[in-house]
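Read off the chains here:
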Amino acid sequence: MCLKQRVERDDILVYSKSQKAHMKYLNVVLRTLRRKQLYAKFNKYQFWVDRVSFLGHVISAEGIYVDLQKIETVVNWPRPTSSTEIRSFLRKPGITVALWKGFPP
């Protein structure tokens, strides 16, 4: 049996193409957690949702795409007009200039 799940830190995402398959996968996950004596607060769980935001992405029946709310700030960022503003932008958290070969320091 191919169990379709993804575990990331303290999140467990179980996904499937049908409700019948989903119940089967969910049952396996919950039994495994119990067998390993791992417990969770069920009030923090969401079941039978059609769309979920997960690690900056939206996962739905239509596919997986970037959560637009996560990139809205960058998309609406004012365009730098000077080399000083470009350097300042590139020093923002999460932008790694060192990976760009030949980029001046």
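Residues numbered from 1 in each chain as written. Predicted model: local features only at pLDDT ≥ 70, side-chain atom pairs only at ≥ 80, totals over all residues. Heavy atoms only, no water.

(A) Representation of the overall build of the protein chain in the model. The helix and strand inventory of the protein chain stands at three helices and five strands. Helices (α) and strands (β) of the protein chain occur, in sequence order from the N terminus, as β-β-α-β-β-β-α-α. A separation of at least 24 residues holds for 23% of the contacts in the protein chain among residues at least 6 apart in sequence. (Helix = DSSP H or I, 4+ residues; strand = E, 2+ residues; numbered from the N terminus. Contact = heavy atoms within 4.5 Å.)

(B) Up close: the sheet that holds strand S3 (residues 51-54). Pairing within the open sheet is antiparallel, and its three strands lie in the order S3-S4-S5. Each edge of the open sheet carries a strand with a single partner, namely S3 and strand S5 (63-66). Ignoring which end each strand starts from, the neighbouring axes of this sheet average 20 degrees apart. In the sheet, S3 pairs with strand S4 (residues 57-60) via four bridges, with the strands oriented antiparallel. Within S4, the position partnered with arginine 51 by the bridge is serine 60. (Pairing = 2+ DSSP bridges. Axes fitted to C-alpha atoms, helices over the stretch in contact; angles between N-to-C directions.)

(C) Geometry of the nonpolar core. Residues Val14, Tyr25, Leu26, Val29 and Leu33 constitute the largest nonpolar core, which totals five residues. With four residues, helix H1 (residues 19-35) is the single largest residue contributor to this core. (Core = buried A, V, L, I, M, F, W, Y, C linked by side-chain atoms within 4.5 Å. Buried < 20%, exposed > 50% of the residue type's maximum accessible area, 1.4 Å probe, protein only.)

(D) Here's a closer look at a nonpolar patch on the surface. A cluster of nonpolar residues, Met23, Leu30, Phe42, Phe47 and Trp48, forms a patch on the protein surface that exposes about 500 Å² of accessible area. Turning to its location among the elements, phenylalanine 47 is positioned in the loop between H1 and S3. (Patch = residues over 30% accessible without salt bridge, like charges linked within 9 Å, V, L, I, M, F, W, Y side chains within 5 Å. Areas by Shrake-Rupley, 256 points an atom, 1.4 Å probe, with all protein chains shown as cover. Salt bridge = Lys/Arg side-chain N within 4 Å of Asp/Glu carboxyl O.)

(E) Region of the structure containing the pattern of salt bridges. Per the counting criterion, the structure on display carries one salt bridge. Glutamate 62 is the partner of arginine 51 in a salt bridge, and the nearest nitrogen-oxygen pair spans 3.3 Å. With arginine 51 in strand S3 and glutamate 62 in the loop between S4 and S5, this pair connects stretches of sequence that are eleven residues apart. Residue arginine 51 is classed as partly exposed on the basis of its relative accessible area, which comes to 46%. Residue classification places glutamate 62 among the exposed residues on the basis of a relative accessible area of 63%.

(F) Here's a closer look at H1. Taking 1.5 Å of rise per residue, the 17 residues of H1 would be expected to cover 24 Å, and the 24 Å separating its terminal C-alpha atoms lies within 8% of that figure. One or two residues past the end of H1 sits glutamine 37, with phi positive at roughly 60 degrees. (Expected span 1.5 Å × (residues − 1).)

(G) Seen up close, unusual backbone geometry. The backbone of glutamine 37 shows a phi angle near 60 degrees, a positive value even though the residue is not glycine. Along the chain, glutamine 37 turns up in the loop between H1 and S3. Backbone geometry at tryptophan 48 places phi at a positive 55 degrees, although glycine is not the residue there. Mapping tryptophan 48 onto the fold places it in the loop between H1 and S3.

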